[in-house]
Amino acid sequence: MIPYVTEGPDISIPPHLLPSDGRFGSGPSKVRPEQVKALASVADTYLGTSHRQPGVRTVVGRLRSGLSELFSLPDGYEVVLGNGGTTSFWDAATFCLIEEQSQHLCFGEFSSKFAAAAKAAPHLKDPQVIESAPGTHPVPVPDPAVDLYALTHNETSTGVSMTIRRPAGAALPADGGGLVAVDGTSGAGGLRVDAAEFDAYYLAPQKCFASDGGLYVALLSPAALERVERIAASGRWIPTFLDLKTAVDNSVQDQTYNTPALATIFMLAEQLDWMNSNGGLEWTASRCDRSAEILYTWAEQSGFARPFVENPADRSHVVGTIDFVDAIDAGAVAAILRANGIVDTEPYRKLGRNQLRIAMFPAIEPDDVASLCGCITHVVGALAS
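Described below are features of the structure shown in this document. Owing to the predicted nature of the structure, the values given are computational and were not obtained by experimental measurement.

### Side note on the overall build of the protein chain
(1) Moving on: A count of helices and strands for the protein chain gives 10 helices and 12 strands.
(2) Moving on: At 21 Å, the protein chain has a C-alpha radius of gyration in line with the 21 Å of a compact globule built from 385 residues.
(3) Moving on: By its C-alpha atoms, the protein chain is 70 × 50 × 35 Å across when sized along the principal axes.
(4) Moving on: Buried positions account for 57% of the 385 residues belonging to the protein chain.

### Some details on the sheet that holds strand S11 (residues 319-324)
(1) Moving on: Strand order across the open sheet formed by three strands is S10-S11-S12, with antiparallel pairing between neighbours. Looking at strand neighbours, the two that pair on one side only are strand S10 (305-307) and strand S12 (355-359), the edges of this open sheet. The mean inter-strand angle of the sheet, taken between neighbouring strand axes irrespective of direction, is 30°.
(2) Moving on: In terms of strand pairing, S10 meets S11 through three bridges, oriented antiparallel. Each bridged residue has a counterpart across the sheet, and for Arg 306 the counterpart in S11 is Asp 323.

### What to know about the sheet that holds strand S3 (residues 128-131)
(1) Moving on: Within the open sheet, the seven strands sit side by side as S1-S9-S8-S7-S4-S2-S3. Their pairing is mixed. In this open sheet, the two strands that pair with only one neighbour each are strand S1 (78-83) and S3. On average, adjacent strands in this sheet sit at an angle of 20° to one another, irrespective of strand direction.
(2) Moving on: Note that strand S2 (residues 102-106) and S3 share four bridges and pair parallel. In the strand pairing of S3, Gln 103 is matched with Gln 128.

### Structural notes on the pairing of S11
Successive residues of a regular strand alternate their side chains across the two faces of the sheet.
(1) Moving on: With six of six residues buried, S11 is to be regarded as a mostly interior element.
(2) Moving on: Of the two faces of S11, the one holding Val 319, Thr 321 and Asp 323 and the one holding Gly 320, Ile 322 and Phe 324 are both buried throughout.
(3) Moving on: Looking at chain direction, S11 and S12 are connected through five bridges and run antiparallel. Bridge assignment links Asp 323 to a residue of S12, and that residue is Gln 355.

### Thoughts on the pairing of S2
(1) Moving on: Extensive coverage of S2 is indicated by the burial of five of its five residues.
(2) Moving on: Bridging between S2 and strand S4 (residues 148-152) involves three bridges; their strand directions are parallel. For His 104, the partnering residue across the bridge sits in S4 and is Ala 150.
(3) Moving on: Note that the unit made of S2, helix H4 (residues 111-120) and S3 has a crossover that is right-handed.

### Considerations on the packing of aromatic side chains
(1) Moving on: For the structure shown, the criterion picks out 12 aromatic pairs.
(2) Moving on: On the basis of an interplanar angle of 65° and a centroid distance of 5.3 Å, the ring pair of Phe 89 and Tyr 216 is categorised as edge-to-face. Of this pair, Phe 89 sits in helix H3 (residues 85-96) while Tyr 216 is found in strand S9 (residues 215-220), placing the two residues 127 residues apart along the sequence.
(3) Moving on: A residue is classified by how much of its surface remains accessible, and Tyr 216, at 3% relative accessible area, is buried.
(4) Moving on: Every member of this aromatic cluster is reached through a ring pair, and the members are Phe 71, Tyr 77, Phe 198 and Tyr 201.
(5) Moving on: The positively charged end of Arg 62 is found above the aromatic ring belonging to Phe 266, 5.5 Å away from the centroid.
(6) Moving on: We note Arg 315 situated over the ring of Tyr 296; from NZ or CZ to the ring centre the distance is 5.7 Å.

### Observations regarding the nonpolar core
(1) Moving on: Leu 67, Phe 71, Phe 198, Phe 209, Val 217 and Leu 219 are the most contacted members of the largest nonpolar core, which has 46 residues in total.
(2) Moving on: When contributions to this core are tallied by element, the ones reaching two or more residues are helix H1 (33-41), helix H2 (54-70), S1, strand S7 (179-183), strand S8 (200-203), S9 and helix H7 (262-277).
(3) Moving on: A per-element tally of this core places H7 first, with nine residues.
(4) Moving on: Every residue in contact with Phe 198, bar those within four places of it in the chain, is listed here: Leu 73, Tyr 77, Arg 166, Val 180, Val 182, Val 193, Leu 219 and Ser 221.
(5) Moving on: Core analysis: the next-biggest nonpolar cluster, separate from the first, contains 37 residues, Ala 305, Phe 324, Ala 330 and Ile 336 among them.

### Thoughts on the environment of Met 360
(1) Moving on: Note on placement: Met 360 falls in the loop between S12 and helix H10 (366-384).
(2) Moving on: Spatially, the C-alpha atoms of Met 360 and Leu 67 are 20 Å apart, while their sequence positions differ by 293 residues.
(3) Moving on: Sequence-distant contacts of Met 360, defined by excluding residues within four places in its chain, comprise Cys 288, Ser 291, Ala 292, Leu 295, Tyr 296, Ser 316, His 317, Val 318, Val 319, Gly 320 and Val 369.

Conventions we followed
- Residues numbered from 1 in each chain as written.
- Predicted model: local features only at pLDDT ≥ 70, side-chain atom pairs only at ≥ 80, totals over all residues.
- Heavy atoms only, no water.
- Helix = DSSP H or I, 4+ residues; strand = E, 2+ residues; numbered from the N terminus.
- Rg over C-alpha atoms; globule rule 2.2 N^0.38 Å.
- Buried < 20%, exposed > 50% of the residue type's maximum accessible area, 1.4 Å probe, protein only.
- Pairing = 2+ DSSP bridges.
- Axes fitted to C-alpha atoms, helices over the stretch in contact; angles between N-to-C directions.
- Right-handed = clockwise from strand over helix to strand, strands pointing away.
- Phe/Tyr/Trp six-rings, centres within 6.5 Å; stacked < 30°, edge-to-face > 60°.
- Lys NZ or Arg CZ within 6 Å of the ring centre and 35° of its normal.
- Core = buried A, V, L, I, M, F, W, Y, C linked by side-chain atoms within 4.5 Å.
- Contact = heavy atoms within 4.5 Å.

Next up, the structure:
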């Protein structure tokens, strides 16, 4: 396993090569200065106020409306909020969305965690787990015994993304088939997705939505909402904090069951306004497409690096993983970048590869990705001289 390197050679990057903003972390991500300024402008009237009063509920309503617009949600879908982030939602899903057995596609650190939560739940059958090697992704296998298919839009640890589609040949939920639940945490807002292909698309806002963690948002279809209601009425014991029915009942009133982080909600609403006013999901995805083309083209042409994900169709356009030749210590490169104000390009530790991991979320300027590539080239040249 390659540890983070905290010190590197004293190499200065010329100022004209530096990006306008040096934040390339895969979460927490770059927050646009405009979001922070907007929050500061309402600090006296919004922060420190009740989450059950109009001042906050209006912002929650704006958030829910913004997500409905961004994802073009069909009639009957609901935007549901709860505290705890994606990890909390995995546990909530084991109580409130999985009836008996789920099927999980596991192709990295984060896609495997929901499977582990389902396996640990004593009231469920052991989940079906379909794995593939890091740098690839598996595909779901229709099975009438499965009542929930767990997919991951973007595997943050490896830089692999997959197109979200219902399992080929599987019955629809309306016909007795399984729900499709998608972890959109690092892909939502930066990758295209069709709401007709999922029943639950859940995310945390500290990546493409340039906010802080500790909150989950779930886009639930009518079939998922019906499942939540049915399980709640079944008598199954469900901790109140993890009860999706409680979350739904509060969300439709533009509030959360527990007190949320108000700054997180406000910055998420601001980011959604920015996304939708510029053209919505197609605009944000196209912006990430440009950044990905810059990064992967540079890596392929560099002579000392290459994209970790072999299949171009599987390469994430929001989190890029770039391998380096053995002669170049990627950890040292990351340390030198950090010393020059370019932060959080280190790889995911458990993957254990000689690589950099670079976020390309919508808030990150594609021109800054190009500048980062130039800075890496400069550092590698300096190390070799």
